[in-house]
Amino acid sequence: MAKKALLIGINYPGTAVELRGCVNDVHRMQKCLIELYGFANKDIVIMIDTDKSCIQPTGNNICEELKRLIASGQSGDFLVFHYSGHGTRIPPGIEDSDDSTGFDECITPCDMNLIKDQQFREMVSRVKEGCQLTIISDSCHSGGLIQEVKEQIGESHMKPVDKVKEQIEESHMKQPKLGIASYFLNIVMNLLATCGVSKSQRDRGGGEESFRGEIELEKDETLDIKTRYLPFESYLSLLKEQTGQTNIEPVRIRQTLLKLFGEDPSPNRQRGLSDLGNCEVDAGDSGASRLNAVTDNGILLSGCQTDQRSEDVYVTRTGKAYGAFSDAIQMILSAPRKDKKKITNKELVSEARVFLKKRGYSQRPGLYCHDRFVDKPFICY
């Protein structure tokens, strides 16, 4: 039985959307895997953008390393992929999308070569029978990161009307603290968020100020909060800046990425697996049928729902920085437990929801996997 991991942390140093806690999340997860789960340091690959001696977390590098990790796994093995960084989504209407959420949820590598939910779906489909891959994504819109995986805990695949109805019902269960105007304004804002319209999009922002907020805690403690959400407009600006291409058209973003970074790993395109940089489906492997049976061996723990943001936290007094979801995981795993059995996937996500809510965060972690993994221990048996 082998245990292997790929840990990605991207802080985007020197950019308008710089984060502080992503690399720290990676180091904490590395320590956790070694001390709590028996992973060997040699079997953990780390990719961060603050140390140029490490493999840089570009889109192609992440795909290549994740495919290598998955290809190495045999029956009985446990694999872990952890990502901390910006998430974004390509909205409907820009180009056709067959995503059940209406968007393409993506992670944002350091070179802006987006890795979309379809790509994760294809790579997860290659996990061998009896091998288990656990994906932890502390990024915005991470609830839809693996397309078509069954939602066990979460609201990402509810219809917008149902989501708003649920929010209104929850609001009726507790007397609103704000005035009636603010109360109904909050419902409208929730509806806009449900439909994929973020605060930064409404403000037409995209620079650093769009991400920043502060929370005053007890004992004069202050948290500097920045969401791990990259508005589409901000993403386009960074892509233009990094590539020098100033004439990028939003309506042709997928074709542009194909031109800039190489073959698009589309479910409709079948090429050889030997093309490691492109995350393709092998033509000889009956790609369509494999994609239809994707979900069995992959487990996703998301930091939030598809229409939500995950928070990047900086503690001003101590200088500590971390992702709110990653911190919740580490705090829960390190807490003493009455029973000796390992915490299950369901228990971890449920407790993370409570942990974050008590601390004033609105993000709601999710669990996406086959039914048989819901009550299995987190990461390994």
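Residues numbered from 1 in each chain as written. Predicted model: local features only at pLDDT ≥ 70, side-chain atom pairs only at ≥ 80, totals over all residues. Heavy atoms only, no water.

The protein appears in an unreviewed UniProt entry as Peptidase C14 caspase domain-containing protein from Arabidopsis suecica.

Draft legend 1. Region of interest: the sheet that holds strand E4 (residues 87-90). Sheet architecture is open: three strands sit in the order E4-E5-E6, paired in antiparallel fashion. Every interior strand has two partners, whereas the edge strands, E4 and strand E6 (115-116), have only one. Relative to strand E5 (residues 104-107), E4 runs antiparallel, the two sharing four bridges. By the bridge assignment for E5, Ile90 is matched with Asp104. (Pairing = 2+ DSSP bridges. Helix = DSSP H or I, 4+ residues; strand = E, 2+ residues; numbered from the N terminus.)

Draft legend 2. Main features of helix H11 (residues 345-358). In this model H11 runs 20 Å from its N-terminal to its C-terminal C-alpha over 14 residues, within 8% of the 20 Å that 1.5 Å per residue would give. Taken together, the buried positions of H11 are occupied by Asn345, Leu348, Val349, Ala352, Arg353, Phe355 and Leu356. Down the axis, H11 shows its buried residues gathered within 165° of arc, on one side only. Residues Lys357 and Lys358 are exposed on H11 and point more than 90 degrees away from its buried face. Once H11 ends, the next one or two residues include Gly360, with phi positive near 90°. (Expected span 1.5 Å × (residues − 1). Buried < 20%, exposed > 50% of the residue type's maximum accessible area, 1.4 Å probe, protein only. Arc of directions from axis to C-beta.)

Draft legend 3. Broad picture of the packing of aromatic side chains. Under the counting rule described, the total for this entry stands at three aromatic pairs. Both rings, one in Tyr37 and one in Phe378, keep their centres 6.0 Å apart while their planes meet at 85°; by these two values the pair is edge-to-face. You can see Tyr37 sitting in helix H1 (residues 22-37) and its partner Phe378 sitting in the segment after strand E14 (366-368), a full 341 residues away along the chain. Given a relative accessible area of 5%, Tyr37 falls into the buried group. With 6.3 Å between their ring centres and 35° between their planes, Phe232 and Tyr235 make a pair best called tilted. Of this pair, Phe232 and Tyr235 are both found in helix H7 (residues 232-243), three residues apart, which corresponds to roughly one turn of the helix. Like Phe232, the residue Tyr235 is buried in the burial classification. (Phe/Tyr/Trp six-rings, centres within 6.5 Å; stacked < 30°, edge-to-face > 60°.)

Draft legend 4. Focus on the packing of H7 against helix H8 (residues 253-261). Close contact between H7 and H8 brings their axes to 13 Å; oriented N to C, the two are set at 25°. It follows from the interaxial angle that H7 and H8 lie roughly parallel. Note that H7 runs across H8; the crossing there is left-handed. Counted together, Phe232, Tyr235, Leu236, Leu239 and Thr243 of H7 and Ile253, Leu257, Leu260 and Phe261 of H8 form the full contact between these two elements. Among the residues forming the contact of H7 with H8, the class breakdown is eight nonpolar, one polar and no charged. (Axes fitted to C-alpha atoms, helices over the stretch in contact; angles between N-to-C directions. Parallel < 35°, antiparallel > 145°, perpendicular 65-115°, else oblique. Left-handed = near helix turned anticlockwise from the far one by under 90°. Contact = heavy atoms within 4.5 Å. Nonpolar A, V, L, I, M, F, W, Y, C, P; charged D, E, K, R; others polar.)

Draft legend 5. Summary view of the pairing of strand E7 (residues 132-138). For E7, the tally of buried residues reaches seven of seven residues, placing the bulk of the element in the interior. Going residue by residue along E7, you find Gln132, Thr134, Ile136 and Asp138 tucked away on one face and Leu133, Ile135 and Ser137 tucked away on the opposite face as well. With seven bridges connecting them, strand E3 (residues 78-84) and E7 associate as parallel partners. For Ser84, the partnering residue across the bridge sits in E7 and is Asp138. Taken together, the five bridges between E7 and strand E11 (residues 298-302) define a ladder with parallel strand orientation. Residue pairing across strands places Thr134 opposite Ile299, the latter belonging to E11.

Draft legend 6. Spotlight on the nonpolar core. In this structure, Phe81, Phe120, Leu133, Tyr235 and Ile253 are the most contacted members of the largest nonpolar core, which totals 45 residues. Of all the secondary structure elements, the ones that give two or more residues to this core are strand E1 (3-9), helix H2 (59-72), E3, E5, helix H3 (117-124), E7, H7 and H8. In this structure, Leu7, Ile136, Leu223 and Ile299 belong to the second largest nonpolar core, which totals 43 residues. (Core = buried A, V, L, I, M, F, W, Y, C linked by side-chain atoms within 4.5 Å.)

Draft legend 7. Highlighting the sheet that holds E1. Spatial strand order, E2-E1-E3-E7-E11-E14-E8: seven strands in an open sheet with mixed pairing. Every other strand in the sheet has two partners, leaving strand E2 (44-48) and strand E8 (151-153) as the edge strands with one partner each. Geometrically, the sheet is characterised by an average inter-axis angle of 15° between neighbouring strands, direction not taken into account. Together, E3, E7 and E11 form the strand contacts of helix H10 (residues 324-334), whose direction differs from that of E7 by roughly 125°.

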